[in-house]
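Read off the chains here:
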Amino acid sequence: QVQLVESGGGLVQAGGSLRLSCAASGRTFSSCVMGWFRQGPGKEREFVATISRGGGTTSYADAVKGRFTISRDNAKNMVYLQMNSLKPEDTAVYYCAADTVRLRVSRNRADYDAWGQGTQVTVSS
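What comes next is a walk through the structure. Keep in mind that what you see is a predicted model, and the values were worked out from it rather than measured.

### Quick notes on the side chain of R72
Here's step 1: Along the chain, the position of R72 falls in strand β7 (residues 68-73).
Here's step 2: For the buried R72, no salt bridge exists, and the shortest N-O distance to an oppositely charged side chain is 8.3 Å, to D73.
Here's step 3: Among the polar contacts listed, one links the side chain of R72 to the backbone oxygen of C32, at a separation of 2.9 Å.
Here's step 4: Leave out the neighbours within four places in its chain, and R72 touches F29, S30, C32, V33, M34, I51, S52, R53, G55, M78 and V79.

### Some thoughts on the packing of aromatic side chains
Here's step 1: According to the stated counting rule, one finds 4 aromatic pairs in the structure shown.
Here's step 2: Taken together, the ring pairs connect F37, F47, Y112 and W115 into an aromatic cluster.
Here's step 3: Above the face of the Y80 ring, R19 is positioned so that its terminal group lies 3.9 Å from the ring centre.
Here's step 4: Over the face of the ring belonging to F29 we find R72, whose NZ or CZ atom lies 4.4 Å from the ring centre.

### Quick look at the environment of I51
Here's step 1: Along the polypeptide, I51 turns up in strand β5 (residues 46-51).
Here's step 2: In this structure I51 comes out as buried when scored by relative accessible area, which is 2%.
Here's step 3: Sequence separation between I51 and A114 is 63 residues; the distance between their C-alpha atoms is 15 Å.
Here's step 4: With sequence-adjacent residues up to four places away left out, I51 is seen in contact with V33, M34, T57, T58, I70, S71, R72, V79 and V105.

### What to know about the pairing of strand β11 (residues 119-124)
Here's step 1: The two faces of β11 differ: T119, V121 and V123 on one face are buried, but Q120, T122 and S124 on the other face are not.
Here's step 2: As defined by bridge partners, strand β2 (residues 10-13) adjoins β11 across 4 bridges and the pair is classed as parallel. From the neighbouring strand, L11 faces β11, where its bridge partner is T122.
Here's step 3: When strand β9 (residues 92-99) meets β11, the two strands line up antiparallel, connected through 3 bridges. Counterpart to V93 in the pairing with β11 is Q120.

### Observations concerning the pattern of salt bridges
Here's step 1: Counting across every chain of the model gives 7 salt bridges.
Here's step 2: D90 is the partner of R67 in a salt bridge, and the nearest nitrogen-oxygen pair spans 2.8 Å. One end of the pair, R67, is in the loop between β6 (58-60) and β7; the other, D90, is in the loop between β8 (78-83) and β9, and 23 residues separate them in sequence. Grouping residues by exposure puts R67 and D90 together as buried.
Here's step 3: Two residues, D99 and R102, come together in a salt bridge whose shortest N-O distance is 3.6 Å.

Criteria and thresholds
- Residues numbered from 1 in each chain as written.
- Predicted model: local features only at pLDDT ≥ 70, side-chain atom pairs only at ≥ 80, totals over all residues.
- Heavy atoms only, no water.
- Helix = DSSP H or I, 4+ residues; strand = E, 2+ residues; numbered from the N terminus.
- Buried < 20%, exposed > 50% of the residue type's maximum accessible area, 1.4 Å probe, protein only.
- Lys, Arg positive; Asp, Glu negative; His and termini not counted.
- Salt bridge = Lys/Arg side-chain N within 4 Å of Asp/Glu carboxyl O.
- Polar contact = N/O pair within 3.5 Å; in protein donor to acceptor, adjacent residues only side chain to side chain.
- Contact = heavy atoms within 4.5 Å.
- Phe/Tyr/Trp six-rings, centres within 6.5 Å; stacked < 30°, edge-to-face > 60°.
- Lys NZ or Arg CZ within 6 Å of the ring centre and 35° of its normal.
- Pairing = 2+ DSSP bridges.

Shown next, in the form of structure tokens:
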């Protein structure tokens with residue numbers, strides 16, 4: 001099992017930037033596909049970004065493509081989400097997730113079997 005702890009959320013004005021971090025522990029981090037999801041007020045939890053085990057493959061939701069960047073540091077057991085040009089519609093609780101089973105990146109939240117507690121991101125207009 002892997003344990004995940006997110007940090008870095010907060011309040012930012014539209015157009016600003018935030019960097020979310022996710023610290024992993026409990027098993028070999030480099031064997032996990034990692035993802036970021038978010039859940040806005042009254043909405044379903046949705047895919048944001050995913051990164052392969054070695055970091056060579058990434059995929060993004062259309063809503064964040066070109067503004068957000070996912071990365072990982074396997075030596076530090078960390079995954080990051082750099083968020084630029086933030087918009088009020090990016091307001092949500094952001095969750096880090098790990099897929100400890102499959103080998104390929106996935107946008108499907110059902111494929112992820114470990115989740116962090118979430119960190120709040122609020123973007124004011």
